[in-house]
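Listed below are the residues making up each chain.
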Protein chains: 2
Amino acid sequence: MSKKWVYLYNEVEKAEEYAGSWDGVRGLLGGKGANLAEMTRIGIPVPPFFTVTTEGCIAFIKEGNQFPVGMWEQMLDAMKGIEAKAGKTFGDPNNPLLVSVRSGAKFSMPGMMDTVLNVGLNDETAKGMVKLTGNERFVFDAYRRLIAMFGSVVLGINDGLFEEKLDEMKEKAGTKADTDLTADHLKELVEEFKVVTREAKGFDFPQDPYEQVRLATEAVFSSWNGARAIAYRRRANIADDLGTAVNICTMVFGNMGDDSGTGVAFTRDPQTGEKVMFGEYLLNAQGEDVVAGIRNANPIVQMKEDLPEAYQQFMDISDKLEQHYHNMQDVEFTIERRTLWMLQTRDGKRTAKSAVKIAVDMVNEGLITKEEAIKRVDTDHVDTLLHPQFNAETMNAARDEGRFFVSGVNASPGAAVGRAYFDADLAEEKAHEGQDVIMVRPFTKPDDVHGMLAAKGILTTEGGATSHAAVVARQFGVPCVVGASTAKIDMAQREISSNGVTIKEGDWISVDGTTGEVFLGVVDVIAPELEEQVELLTLLGWADEITATEGIRESVNGSPTRGLQVWANADYPADAERARTYGAKGIGLCRTEHMFFEPERLPTVQAFILAKDEKTRTEKINLLLPYQRSDFYGLFEAMTGLPVIIRLIDPPLHEFMPNEDDIFEEVISMRVKGETEGLAEKEQLLNTIRAMHESNPMMGMRGVRLSIVMPALVEMQVRAIFEAAADAKIDGFEPKPEVMIPLTGTVEELRWIQPRLVRIAKAVMEEKGVEFEYKFGTMIEIPRAAVTANEIAEMAEFFSFGTNDLTQMTFGYSRDDAERAFLVTYIEEGVLKVNPFQQIDREGVGRLMAMAVADGRSARPDLEVGICGEHGGDPSSIEFCHLVGNNYVSCSPFRVPVARLAAAHAALKHRK
Amino acid sequence: MSKKWVYLYNEVEKAEEYAGSWDGVRGLLGGKGANLAEMTRIGIPVPPFFTVTTEGCIAFIKEGNQFPVGMWEQMLDAMKGIEAKAGKTFGDPNNPLLVSVRSGAKFSMPGMMDTVLNVGLNDETAKGMVKLTGNERFVFDAYRRLIAMFGSVVLGINDGLFEEKLDEMKEKAGTKADTDLTADHLKELVEEFKVVTREAKGFDFPQDPYEQVRLATEAVFSSWNGARAIAYRRRANIADDLGTAVNICTMVFGNMGDDSGTGVAFTRDPQTGEKVMFGEYLLNAQGEDVVAGIRNANPIVQMKEDLPEAYQQFMDISDKLEQHYHNMQDVEFTIERRTLWMLQTRDGKRTAKSAVKIAVDMVNEGLITKEEAIKRVDTDHVDTLLHPQFNAETMNAARDEGRFFVSGVNASPGAAVGRAYFDADLAEEKAHEGQDVIMVRPFTKPDDVHGMLAAKGILTTEGGATSHAAVVARQFGVPCVVGASTAKIDMAQREISSNGVTIKEGDWISVDGTTGEVFLGVVDVIAPELEEQVELLTLLGWADEITATEGIRESVNGSPTRGLQVWANADYPADAERARTYGAKGIGLCRTEHMFFEPERLPTVQAFILAKDEKTRTEKINLLLPYQRSDFYGLFEAMTGLPVIIRLIDPPLHEFMPNEDDIFEEVISMRVKGETEGLAEKEQLLNTIRAMHESNPMMGMRGVRLSIVMPALVEMQVRAIFEAAADAKIDGFEPKPEVMIPLTGTVEELRWIQPRLVRIAKAVMEEKGVEFEYKFGTMIEIPRAAVTANEIAEMAEFFSFGTNDLTQMTFGYSRDDAERAFLVTYIEEGVLKVNPFQQIDREGVGRLMAMAVADGRSARPDLEVGICGEHGGDPSSIEFCHLVGNNYVSCSPFRVPVARLAAAHAALKHRK
């Protein structure tokens, strides 16, 4: 007996038995098929259908695009099953069954063949349908749609050819709306569409209904391996061997007159998350008219007036679906002659704001647990909520300056500023070149997704809040305005005009997806305030609870390590305050050298560097002490009671000197001109700077190396740290200084420098007569430090992974050079899957980190381990830090909320 | 009962029982004490003595420079033991026993208190001695020596103060030789020396013989932790907790008249290794006169005439010692009134040449095994034998130009050219600054060793072939001429003069330790020919045999890995030929980029880099193909039958471009002068070079990165390699090309480039109609490659550790910058024990290597693993490569013999 490739509408239990879980059912039948079957099971009206499994797709591809043994026979049997239920017969001119053929993978994805409606129509069944319905216009409207859809999506004919014919026909009929075309017009169109098919493909539109089904099914399967689908899967990290299912579903018609209609809706507002039905609906129309945004639809409440019974039924079903799925649903429905049919349900895509609100509301409604709420919200959502928004002031100024351009539907919130480009390919190309891009289109299609993803913002002139552009933009958090219908796009001239103002390709525009407004030129943006986002604060609070309870890991020595904390990188008291507001539990990195670059201090720093004798050097260094002490005092004040890791000076000294080329140019110029006054001094300065020049400064004299060659600088810093901490303590704060030594490569470096610094720490505490806890530790950013962590941990009380440098040296990539020279090529060519400076490379850098944690803790069981590289704010990297047993991650204050959620995600994903 | 701190002359069995082995006895009694005891045991005449153990020394230091419980009592007992044997009593004016107090550690080392003779003399015993010997001159000569030696070495008085008095006395006596001083002169000197002691120390020279012994013993123990001793131990890698023993030995006197004498000798010639007694001897003298080279001694054969019976006895004893120790001995003896006493024997230090000859001869004589011979010869010896020597031609030219300066005793062979410096501290300082230094001194003392080690060569005006300078120079392979007595050193003027010519401090001189000649200025040096060094060739042949049989290691997968082979790095056919002559079994690294720098090719390379279009680029690349092909053909010809690893282009392209600063200077200068002709082109060139500039080129676009961004270059190289190999095959050679891809960090790089290159290789073989074996592999020089070696080995058929870059990136040291900026400080401060660029850092870099070998072989059991960094020629690193399971090391052709011996050493040291 051959494998079961096909499941009938009422076989969801069988599928569950075979697949073992609901997730398995979704994998087997695809999301769409699984939900149709589930709706059927719980008594929601769904037209009879059957699903060809994703396993069938994979088998089809494996066998060289051939149906595997038994599949077609099972499809024929299943067709009999739905014929029986529907009381119609496929291909029977007297009582024809029509079906839709729709793809449905486990995860919804663009780039695949989507839908062919009205399959089963041909010249004969069309006649039968006319007899049966008495509605010739309806039948030929359906027939012409079939031929065009089949031609474009199954046979791969350019759909512009069909649209051209439609436009010509509308012109001929003197109308602008499809609905105004008569049955005769449509009959004529059917014939013209047949000609288009014959001319394009060399064969006729297939009249055999079974051949239609078979070809459409094959087309769905084949599209799984289309270039766009593969590209999308790669980007979204979807496995290639999942395959797509095919759903073959009895057609119901929303276009059978004014007692019919069709709509799409979200059970809650996908933009704000409010608990109100949100959707669009069209009387006497087929679903695609709404989804594609080709006709401007009515709000869903309109249905209450048009079809009150169906409306009430729909509201009840929606409620039932939310209760059943414990999630906001995105549904499609059709009303055929007052009978409501649900055609699809799925978890609704939503904006960041609504994701958070819905998750929190549903916990409060008792629909889901806090854990579920945490899982529901992506870190990207949180990121988006903290994304820049337009500044009201500059926005008003722009209005006053007459820079308002157009307004449309606020489809995906957020502010975007960039240059206008008018097609997806160009948008992507310009974005890769580093430009900020706004993609401008009449409307978008699945083919455009690559450009939409590359864009900072999207603007369309057609479609509504559930149009393709709006849905995709919300999913990916790209600010988007749709249906800005007062503007016109001229694709030939590549420009968009509104009220006599024209924006050419490449011009700057600003798009406000929150209000739906579009401005000429650049409008300034500001960061939003976390304090005002009540639901987000609630959610993050839950995240911290979950991390604390579920995130406990077994340490190397068997004792538990607390859940991963989130600390922040902050150089100034103001940063530290923001970090604390955002929920940071400590400062993981204060870079002290920033303090040296301030204009009032830099000359002193330079004088120190150029000092010829020890006396001058000490003198200059001591001038810097009060500055540093007051910087540190502010940090201890802001972070009272929490640890503050202060990194001793890290960069090479030449970074504090004037630019070599500038001085060189001055010297040459003076020499050529024969100017002698001041030349000698300039030459000497040049020589000094040149003597400091390093061929690879990244690996040169910096960090602890500098401290060993020239300890005066860090001795001053440690004195400043402990004097500040002592003063803070005296003033009633609770300072917890942790001194971090950068660039350590061998434990001997710590053996040399650390005791000298500890002596100063103790001396200061004695002088000031106070005591407080402190630690001395090190960055782990040199591969050798990771490899010899057992030795390093003998001295260091904490490790902080400097994953920027650790990545640079583990890969041998100079970041600045690499990103410019070959990293882009590497990612394009698939040599690297992701940029290792954005996401920790687990196999290489990560293996070193794991070694370091294990070896370090074996030498010092209570070793505190964190990360302060940029990876500290990246969710995948945070998950990895959870896995290797870090105590905390430290990231920029703005990323702290994202990191808190990511930590909770990791805790839940990997709990025992 | 307290521990046994003291062993009497006849207690060697007790010592052996306690210490467990002969090595243990040497550890317990020190080398000197152990050998004295051993000689006593086998019936060789040794004056009665006892030894205070090294454990006593360590206990003394631990207890704060106090004798541990029981030690002094045991010493008093032992003194009784030697009194009984000698028939004299220590401190008894009527029949006084005198003793020497000498240090003796397990390994002989400079920097410690060495010897005090005549201990036991005081005003009373001196009188007794006069009565007993009737020789007042002898007694007071001994007494004044005791006071001076005791004063300088035990009490730390500047010995110049005693020398000054001696010189004054000689002047007063109108003589130049100590021997011409009368008893009265010496009596007066004794009194003057007592004054010197009192004035320097504030107390009198101790009259109590037991106090003398006690203070001398304490001084020896204390000197173990003197700064120089510690410095030496650090350099020579001797553990600090070994301690030194103290030998207290009955004095015998070579200065009791013309029936007495003293001498030092080697049982074979320590310079050439010939089997002839080699030594010096003085009638009527104490040993120090010979050793210090203060009086010019007679050759040992003179003794045959003076004291024929003692001579014959000495020759027999020498023979017995060689037979007993199976090694050439360095002995000291004294004849007191025709009775021969042996005062010391030890394995003789020798030149590289003699080490090799003696080892090979002794195998042929049946005294030692081949393995023992291999162990006896240091890799440094081999290195020295291949060290540069003066070129006969330039040497003759120098003579013709009148640049001959002086000639002396050829004490340590080899050629040295450098600047003259007149004291050890300055010599060391200048050498650290990077100068080539020749240390010039009247004679040397243990205090001078640091300068001698830092020098390229040594010249003394006093002393003979067994003087301190000669012995140390031979040990460390520093070319040395001693006793150039026609030259005079003026320390005040800091210059040396001979025959009216003066060399000032800092002037260049050339020292030929092989012939004993010294020249003004610089004389050219050449490399010696290995072919002529018959014994060395024999020894290296044995080394290869031993490596092949004893060097087999168990591999990761349990199958054996053959003994470590030695391959060579060679870029040109001539290098390859030399490598093969020197015994290389393959080429481990051919750097192809050197071929691009040749003047006739560089413009083409630059044109390739600057090409604006693909056509020009391909055109230029193809111009380089014939050059590369012919280079490679020569390599395959020279290495027929052996593997040749060719590395594809590695450096960044900007290395092939003109210097940026030069062009910048030209541009600025033209701009300032207002010159416009050609300015635009120059500016464009400058911009191009600047665009290629990288902030850290070491980690930039080079190696495989360059190949992926711009594959044309390596495609040409691979074509050239395989065309050359095919041609060689056709011409009857047996080419074994192995293509090495540099700078790999991820297996995906290999997945991208390797198949493209393999395709070319196969295409060429098909075009040429020949087949031969080949491999594709990679450098492991990026830490990530080592960490992900299991993946890399899926593609790479061989690994070659590029330990230069691997060390740079594992430590995060840019080598050029580091050595200039902080590496010296690090080594001085003990942060690094050795320079990791000279010797593989086993804990860090080595751990990565070990991981890479294990993981690589787990993925590909027959993975070929080698090393081609500079470490490939370093013995410690070679040992490490043996331990991690390398198949071969590859080093410069000149280092191949050293590496062959080092491989055998490793095989023997670690055999199962």
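Residue numbers run consecutively from 1 along every chain, following the written order of its sequence. Labels follow written order: the first chain is A, the first ligand is 1, and so on. Under the rules for a predicted model, residues below a pLDDT of 70 receive no local features and side-chain atom pairs below 80 are neither given nor counted, while totals for whole chains, interfaces and linings still include all residues. Water and hydrogen atoms play no part in the side-chain values, which are based on all heavy atoms of the structure.

**Quick word on the overall build of chain A**
Filter applied, for reference: Secondary structure elements are taken from DSSP: a helix is a run of H or I of four residues or more, a strand is a run of E of two residues or more, and numbering for both begins at the N terminus. Relative accessible area decides the class of each residue, using a 1.4 Å probe on protein chains only: under 20% of the type maximum gives buried, over 50% gives exposed, and in between gives partly exposed. Contact definition: two residues touch when any of their heavy atoms are within 4.5 Å. In short, Shrake-Rupley with a 1.4 Å probe defines the accessible areas, and a residue's cover is counted only from the protein chains shown. Just so you know, the count uses Lys and Arg for positive and Asp and Glu for negative, and it drops His and the chain ends. The atom standing in for a charge is NZ when the residue is Lys, CZ when it is Arg, CG when it is Asp and CD when it is Glu.
Along the backbone of chain A there are 37 helices and 35 strands. Based on the C-alpha atoms only, the size of chain A along its principal axes is roughly 105 × 70 × 50 Å. Scored against the burial criterion, the 912 residues of chain A give a buried share of 58%. The long-range share in chain A, meaning contacts at least 24 apart out of those at least 6 apart in sequence, stands at 68%. Summed over its atoms, the accessible surface of chain A is roughly 35,400 Å², and 48% of this surface lies on carbon and sulfur atoms. Taken together, the 97 basic and 140 acidic charged side chains of chain A have centroids lying 3 Å from each other.

**A few points about the pairing of strand β18 (residues 457–460) of chain A**
All names here are of chain A. We count it as follows: Handedness is read with the strands pointing away from the viewer; a crossover is right-handed when the path from the first strand over the helix to the second is clockwise. Here a strand pair is declared whenever DSSP counts at least two bridges between the two strands.
Burial along β18 is two-sided: G457 and L459 and I458 and T460, pointing in opposite directions, are all buried. In this view, the connection linking strand β17 (residues 437–441) to its parallel neighbour β18 by way of helix α19 (residues 449–454) has right-handed handedness. Here β18 pairs with strand β19 (residues 480–482) via 2 bridges, running parallel. Within β19, the position partnered with L459 by the bridge is V481.

**Details of the environment of E274(B)**
Residues and elements named next belong to chain B. Summarising the element assignment, E274 is placed in the loop between β8 (261–266) and β9 (278–283). Along the chain, E274 and F333 lie 59 residues apart, while their C-alpha atoms are 22 Å from each other. Those residues in contact with E274 that sit more than four places away from it in its chain are R268, D269 and K357.

**Observations concerning the relation of the copies chain B and chain A**
Counted only if it meets this: Least squares is the method used to superpose the copies, on C-alpha atoms of residues holding a pLDDT of at least 70 in both.
Under the fitted operation, chain B is carried onto chain A by 0.3 Å of movement along the axis and a turn of 180°, and the coordinates agree to an RMSD of 0.4 Å. The transformation just described matches what one would write down for a two-fold rotation axis. Taking the C-alpha atom as reference, chain B places N696(B) closest to the rotation axis, 2.0 Å from it. Mapped onto chain A, 100% of the interface residues of chain B are again interface residues, and the two copies thus contact each other with one and the same surface.

**As for the sheet that holds strand β2 (residues 49–52) of chain A**
All names here are of chain A. Our working rule: Lines fitted to C-alpha atoms define the axes, with helix axes restricted to the stretch in contact, and inter-axis angles between N-to-C directions lie between 0 and 180 degrees.
Taken together, 5 strands build an open sheet; the order of strands is β1-β2-β7-β5-β6 and the sheet is antiparallel. In this open sheet, the two edge strands, each paired with only one partner strand, are β1 (6–8) and β6 (115–119). For this sheet the average axis-to-axis angle between neighbouring strands, irrespective of direction, equals 20°. Relative to β6, strand β5 (residues 99–105) is paired through 3 bridges, and the arrangement is antiparallel. Each residue of the ladder has a partner; that of V101, found in β6, is V116.

**Re the side chain of R268(A)**
Residue placement: R268(A) occurs in the loop between β8 (261–266) and β9 (278–283). Ignoring sequence-local partners within four residues, the contact set of R268(A) consists of G273(A), E274(A), K275(A), V276(A), F278(A), E322(A), M328(A), I358(A), D361(A), M362(A), E365(A) and L367(A).

**Describing the interface of chain B and chain A**
Applied cut-off: Any Lys or Arg side-chain nitrogen found within 4 Å of a carboxyl oxygen on Asp or Glu counts as a salt bridge. Here a polar contact is taken to be a pair of N or O atoms separated by no more than 3.5 Å, where protein atoms must pair a possible hydrogen donor with a possible acceptor and residues adjacent in sequence count only if both atoms sit in side chains. Three residue categories are used. Nonpolar comprises Ala, Val, Leu, Ile, Met, Phe, Trp, Tyr, Cys and Pro, charged comprises Asp, Glu, Lys and Arg, and polar comprises the others, including Gly.
Contacts between chain B and chain A engage 59 residues on the former and 59 residues on the latter. Run the count over chain B and chain A and you get 6 salt bridges. The salt bridge involving D841(B) is made with R784(A); its shortest N-O contact spans 2.6 Å. For the pair chain B and chain A, the number of links is 24 residue pairs in polar contact (both at pLDDT 80 or more). It is helix α25 (residues 660–673) of chain B that provides the largest number of residues to the side of chain B that touches chain A, a total of 9 residues. When its residues are assigned to classes, the side of chain B that touches chain A shows 25 nonpolar, 14 polar and 20 charged.

**Topic: a negative patch on the surface**
Residues and elements named next belong to chain A. Applicable threshold: Any residue with relative accessible area above 30% and no salt bridge may belong to a patch, with like charges joined within 9 Å and the nonpolar Val, Leu, Ile, Met, Phe, Trp and Tyr side chains within 5 Å.
A contiguous patch of negative charge, built from E163, E164, D167, E168 and E171, is present on the exposed surface. Its location among the elements puts D167 in helix α7 (residues 159–173). Judged by its relative accessible area of 43%, D167 falls in the partly exposed class.

**A closer look at the pattern of salt bridges**
Residue and element names in this part refer to chain A. As enumerated under the stated definition, the model contains 117 salt bridges over all chains in all. Here R647 and D650 are joined by a salt bridge, their closest N and O atoms 3.8 Å apart. According to the relative accessible area criterion, D650 is buried, its value standing at 7%. With a shortest N-O distance of 3.0 Å, R702 and D650 are connected by a salt bridge. One end of the pair, R702, is in the loop between α26 (679–692) and α27 (704–709); the other, D650, is in the loop between β30 (643–647) and α25 (660–673), with 52 residues separating them in the sequence.

**Here we look at the nonpolar core**
Keep this limit in mind: We call a set of buried residues a nonpolar core when its members are Ala, Val, Leu, Ile, Met, Phe, Trp, Tyr or Cys and they connect through side-chain atoms within 4.5 Å of each other.
Residues F632(A) and F632(B) are the most contacted members of the largest nonpolar core, which totals 294 residues. Ignoring sequence-local partners within four residues, the contact set of F632(A) consists of C590(A), T592(A), M595(A), I646(A), Q717(A), A720(A), I721(A) and A724(A).

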